[in-house]
Amino acid sequence: MAKNVAQSATLASLDQKLAMAKRCSHEGVLAGAKAAVVASIATAIPTLASVRMLPWARANLNHTAQALIISTVAGAAYFIVADKTVLATARKNSFKHVPNMEG
């Protein structure tokens, strides 16, 4: 009987940890997507403007190069922000269950 109670408490704890991990990763995905959109816009404007205004860029940056520049920055922004968000959320949640060590 005691073993079943301990086992059910362990399963409940695992379910709670799994739900928290899903929430942390979902927050990371949303923050990363927002950062990728902002980075895409912030990169696309100067890239496209430079192709129109600078002779070197017009000669050397075809459509594929422009898309590669923009998508690389968007991908980097996504992964950096998503990683930082997941780590910050996990750190914040890990300190919620620690008793106060002052005293």
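Residues numbered from 1 in each chain as written. Predicted model: local features only at pLDDT ≥ 70, side-chain atom pairs only at ≥ 80, totals over all residues. Heavy atoms only, no water.

Colleague: Teacher, can you tell me more about the overall build of the chain here?
Modeller: The number of helices and strands found in the chain is three helices and zero strands. Secondary structure elements of the chain occur, N-terminal to C-terminal, as α-α-α. A total of 103 residues make up the chain; the buried ones form 21% of that total. Long-range pairs, those at least 24 residues apart, make up 77% of the contacts in the chain between residues at least 6 apart in sequence. For the chain, the exposed area adds up to about 7900 Å²; of that, 70% sits on carbon and sulfur atoms. (Helix = DSSP H or I, 4+ residues; strand = E, 2+ residues; numbered from the N terminus. Buried < 20%, exposed > 50% of the residue type's maximum accessible area, 1.4 Å probe, protein only. Contact = heavy atoms within 4.5 Å. Areas by Shrake-Rupley, 256 points an atom, 1.4 Å probe, with all protein chains shown as cover.)

Colleague: Can you walk me through the packing of aromatic side chains in this structure?
Modeller: Two aromatic rings are characterised by how far apart their centres lie and by the angle between their planes. Per the stated rule, a full pass over the model turns up one aromatic pair. Relative to F79, the ring of Y78 has its centre 5.1 Å away and its plane inclined at 80 degrees; by these criteria the two rings are edge-to-face. Looking at Y78, the relative accessible area reads 24%, which means it is partly exposed. (Phe/Tyr/Trp six-rings, centres within 6.5 Å; stacked < 30°, edge-to-face > 60°.)

Colleague: How should I be thinking about helix α3 (residues 63–94) in this particular structure?
Modeller: Given 3.6 residues to a turn, an α-helix orients residues that are three or four positions apart in the same direction. The end-to-end C-alpha separation of α3 is 46 Å, in line with the 46 Å expected for 32 residues at 1.5 Å each. Along α3, the residues that are buried comprise A65, Q66, I70, A74, A77, A82, T85, T89 and N93. (Expected span 1.5 Å × (residues − 1).)

Colleague: Can you walk me through the UniProt feature "transmembrane region" (unreviewed entry) in the chain in this structure?
Modeller: Look at the UniProt record and you will see "transmembrane region" (unreviewed entry) annotated at residues 31–51 and 63–81. This span, residues 31–51, is 100% helix and 0% strand, and a straight line between its end C-alpha atoms measures 30 Å. The span residues 63–81 is 100% helical and 0% strand by assignment, and the distance between its end C-alpha atoms comes to 27 Å. (UniProt positions renumbered as here; feature names shortened; annotations may be inferred.)

Colleague: Could you clarify how one ought to interpret a nonpolar patch on the surface in this entry?
Modeller: Nonpolar side chains collect at one region of the surface, where V37, I41 and I45 lie side by side and expose about 300 Å² of accessible area between them. Counting through the fold element by element, I45 comes out in helix α1 (residues 2–53). Classification of I45 by relative accessible area gives exposed; the value is 57%. (Patch = residues over 30% accessible without salt bridge, like charges linked within 9 Å, V, L, I, M, F, W, Y side chains within 5 Å. Salt bridge = Lys/Arg side-chain N within 4 Å of Asp/Glu carboxyl O.)

Colleague: Any chance you could explain the environment of G28 here in plain terms?
Modeller: In this fold, G28 is placed in helix α1. Residue class for G28 comes out buried when judged on its relative accessible area of 1%. In the structure, G28 is positioned 58 residues away from V86 in sequence and 5.1 Å away in space, judged by C-alpha atoms. Among all residues touching G28, those that are not within four sequence positions of it are A82, T85 and V86.

Colleague: Looking at this structure, I do not really get the side chain of Q66. What am I missing?
Modeller: Within the secondary structure, Q66 sits in helix α3. The class of Q66 is buried, set by a relative accessible area of 9%. The contact partners of Q66, leaving out residues within four places of it in the chain, are T47, L48, V51 and L61.

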